[in-house]
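# Architecture and fold: a report
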Amino acid sequence: MVSTEMVLVLLALFAVAFLYSSVGLGGGSGYLAVLSMTSFASSNTIWLKQYAWSLNLIVAGAAFWHYRRSGYHIKGLSAPFIAASVPMAALGGFMLVDGAVYDILLTITLVVAASRLVSSDVGVSEVVRPSNGTAVLVGAGIGLASGVIGVGGGIFLLPALMLGRWASAKEAAATTSLFVWLNSLAGLIGASVAGRIGFEVALLLPFASVVMIGGVVGSRFGSRVSSQVGVKGLLVVVLMIAAFKRMGELLV
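Below you will find a few notes about this structure. Nothing here was measured: the structure is a model prediction, and the numbers come from that model.

## Remarks on the overall build of the protein chain
What the protein chain contains, in helices and strands, is 10 helices and 0 strands. Listed by position from the N terminus, the elements making up the protein chain come as α-α-α-α-α-α-α-α-α-α. Of all 252 residues assigned to the protein chain, the portion counted as buried reaches 50%. A separation threshold of at least 6 residues defines the contact pool for the protein chain, and within that pool the share at least 24 residues apart is 86%.

## Here we look at helix α4 (residues 75-94)
If you check α4, its first and last C-alpha atoms are 28 Å apart, about what 20 residues at 1.5 Å a residue would give, namely 28 Å. Of all the bends in α4, the largest measures some 30° and sits at I82. Regarding α4, the residues found buried are L77, S78, P80, F81, I82, A84, S85, A89, G92 and G93. Of the surrounding secondary structure, the elements contacted by the buried residues of α4 are α3 (45-69), α6 (132-149), α7 (154-163) and α8 (169-193).

## Some words on a nonpolar patch on the surface
Together, F14, M212, I213, V216 and V217 make up an exposed nonpolar region whose accessible area comes to about 420 Å². For the nonpolar patch, the leading source of residues is helix α9 (residues 201-222), giving 4 residues.

## Observations regarding the packing of helix α1 (residues 4-22) against helix α2 (residues 28-36)
Here α1 crosses α2 at 165°, and the two axes come no closer than 9 Å. With respect to each other, α1 and α2 are oriented roughly antiparallel. As α1 packs across α2, the resulting crossing turns out to be right-handed. On α2, the residues that touch V9, A12, L13, V16, A17 and Y20 of α1 are S29, G30, Y31, V34 and L35. Across the contact of α1 with α2, the residue classes break down as 9 nonpolar, 2 polar and no charged.

## Regarding α2
The buried fraction of α2 amounts to 9 of the 9 residues, a majority that puts the element mostly inside the structure. Within α2, burial applies to G28, S29, G30, Y31, L32, A33, V34, L35 and S36.

Quick notes on the rules
Residues numbered from 1 in each chain as written. Predicted model: local features only at pLDDT ≥ 70, side-chain atom pairs only at ≥ 80, totals over all residues. Heavy atoms only, no water. Helix = DSSP H or I, 4+ residues; strand = E, 2+ residues; numbered from the N terminus. Buried < 20%, exposed > 50% of the residue type's maximum accessible area, 1.4 Å probe, protein only. Contact = heavy atoms within 4.5 Å. Expected span 1.5 Å × (residues − 1). Bend = angle between axes of the 7 residues up to and from the residue. Patch = residues over 30% accessible without salt bridge, like charges linked within 9 Å, V, L, I, M, F, W, Y side chains within 5 Å. Areas by Shrake-Rupley, 256 points an atom, 1.4 Å probe, with all protein chains shown as cover. Salt bridge = Lys/Arg side-chain N within 4 Å of Asp/Glu carboxyl O. Axes fitted to C-alpha atoms, helices over the stretch in contact; angles between N-to-C directions. Parallel < 35°, antiparallel > 145°, perpendicular 65-115°, else oblique. Left-handed = near helix turned anticlockwise from the far one by under 90°. Nonpolar A, V, L, I, M, F, W, Y, C, P; charged D, E, K, R; others polar.

These figures capture arrangement, not role.
And the structure:
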């Protein structure tokens, strides 16, 4: 019999996948927020990270497919960010960051994610592509943080692309989704090389199933319509609740 908690978790994961994929994100910070508030999460931080990365692969993959199919992917824009971020994400995944340090980093990430979601609809009137040097530095920094924390990095890259006026909204979504997919894969590889991966199939299958549906529907919706103010507000609340929960555990 499926528990009430499991039903609520699956509904929350679906909502996260739908919202994030609609703007080209994988949902890693959202999955971390949801899962960190459940009884499923163990004290081992890799438990959270491996699921966030795995679900990112599904959702970011669906988002990239839709945005690329719609003609929004610019290879020259994506390349320098990705070239620098992937090896750094693998390094971050290999590194062992646990205990209070991880809780602090995750809490900061959740707060930043919430604030960035609020401003993710910034319009771009005129696009000015970043220099390769700037893109490499930004990509490397986000990649390392992604690997250490267990996210794909899209929640940092998307606002950077928009606020820097480096891409239009849907170009940014296409680049971000590919960035998230590759960083998540690199993080998983790094953690696997370090011998820290251990999935529970009974949890992974239902988690993967609901985010696949949410990701496909959300990315299709986002690439054509993209109006999600109400759902975005709910997700910001979830992220902040999770952040306060982590801070409370640090203070106990």
